[in-house]
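# Examination of the molecular architecture
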Amino acid sequence: MTSPRNILITGASTGIGRAIALDLASRGDQVIGTVRKQEDADALLAATPTGALPIRSLLLDVTDGASVLRAAEELEEQLQGAGLHGLINNAGVAITAPLEYIPIEDFQLQMEINLIGLLRTTQAFLPMVKKARGRVINISSIAGRLAFPLAGPYHSSKHALEGLSDVMRLEFRRYGIEVVVIQPGAIRTPIWGTAAKKSAEIGKKLSRQALKDYGKLIQQVGKASAQAGENGEDPQLCADAVRTALDATRPRTRYIVGRNAKIGMFLRRILSDRRMDKIVGKGLDLKDRTL
Ligand code: NDP
């Protein structure tokens, strides 16, 4: 009997991370999910599919270097010399606000979680991935290729993640480590609600002038995002893509996930920037303003 693959998934408490955790556990992998609260660790363990190896958890906040190192040490001990076959960098948030006015600390937080935290986590766990000649799978987004107004912080983090992943792929090749990018479109998860809450918090910090300039657009985008979340596709699609990327002898470098993502990426490829702007901006308050 061969030993199960050890797979670490960051941000496994909800949404896509949780779907990946349950899916891989049900296929016989030893899943370790990272969470930020003990109650989420307990819930993940309780959700272990029948007959699967119990889903283990590590407490980890990607923005906290000490917590990342602690979690890596803990896992190294648990693995007793075995390696990590998959590191799925999934933890992420979406922060939206006009670039003209977003408080810089909110922009920094977005980059800290989605980009710098991802690199920090990869650095800490890479020695274990090397041991198994495993795979690093980064959950990016079509937001890493497309752009929508007010999602500047999120797009910046995901566009940067696309570049970071390309360089990781080139650099980690020397260890036999494949690096794969997953690019989902809108998926039905709690991220949309969390983003709306965060956006409202930032809204409270915006000046009267900022609200005069962008208030209408903020409302329009808020409504469109809520709809996109409600109509989002099943997180299982992302789990399917991750499993394919882990199982393939030679994985693709990128997997576009979901119907809306495939359409969006196709249009992005064939249309000019200005044509895309027209499509994306349809019905939104983006027109010229007389100062
Ligand atoms: P969820 O909000 O459901 O899950 C986000 C996960 O990230 C949670 O487990 C959350 O933990 C964790 N997380 C947030 N901040 C931190 C942090 N500082 N340290 C560690 N973990 C953290 O969202 P999704 O499942 O939708 O998102 C997962 C990934 O998928 C993200 O990278 C997102 O950008 C990407 N994505 C999502 C799409 C969608 O439409 N849903 C589309 C394309 C990409 P906690 O519960 O403790 O907050």
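Just above, that's the structure.
All figures in this text were calculated on a predicted structure; none of them were measured in a lab. (Residues numbered from 1 in each chain as written. Predicted model: local features only at pLDDT ≥ 70, side-chain atom pairs only at ≥ 80, totals over all residues. Heavy atoms only, no water.)

### Things to note about the site of the ligand
The local shell around the ligand holds 29 residues, among which Ser 13, Arg 36, Tyr 154, Ile 187 and Thr 189 are the closest. Within the side chain of Arg 36, a nitrogen or oxygen atom sits 2.7 Å from an oxygen atom of the ligand. Take Asn 90: an N or O atom from its main chain is 2.8 Å from an oxygen atom of the ligand. Protein burial of the ligand: of its 900 Å² of free accessible surface, 93% is covered by the chains. Only helix H1 (15–26), helix H5 (152–172) and helix H6 (191–205) provide two or more residues apiece to the shell around the ligand. Per-class residue counts for the shell around the ligand are 15 nonpolar, 11 polar and three charged. (Near = heavy atom within 4 Å. Polar contact = N/O pair within 3.5 Å; in protein donor to acceptor, adjacent residues only side chain to side chain. Areas by Shrake-Rupley, 256 points an atom, 1.4 Å probe, with all protein chains shown as cover. Helix = DSSP H or I, 4+ residues; strand = E, 2+ residues; numbered from the N terminus. Nonpolar A, V, L, I, M, F, W, Y, C, P; charged D, E, K, R; others polar.)

### Overview of unusual backbone geometry
Most peptide bonds take the trans form, and the phi angle of most residues other than glycine is negative. Positive phi, normally seen in glycine, also occurs at Arg 133, with a value near 45°. Among the secondary structure elements, Arg 133 is positioned in the loop between helix H4 (104–132) and strand S5 (135–139). At Leu 150, a residue that is not glycine, the phi angle is positive and equals roughly 75°. Within the element layout of this structure, Leu 150 appears in the loop between S5 and H5.

### Let's talk about the sheet that holds S5
Spatial strand order, S3-S2-S1-S4-S5-S6-S7: seven strands in an open sheet with parallel pairing. The open sheet is flanked by strand S3 (56–59) and strand S7 (254–257), the only strands paired with a single partner. Recorded for the sheet is a direction-independent mean angle of 20° between the axes of neighbouring strands. Bridging between strand S2 (residues 30–35) and S3 involves four bridges; their strand directions are parallel. Counted as the bridge partner of Ile 32 is Arg 56 from S3. (Pairing = 2+ DSSP bridges. Axes fitted to C-alpha atoms, helices over the stretch in contact; angles between N-to-C directions.)

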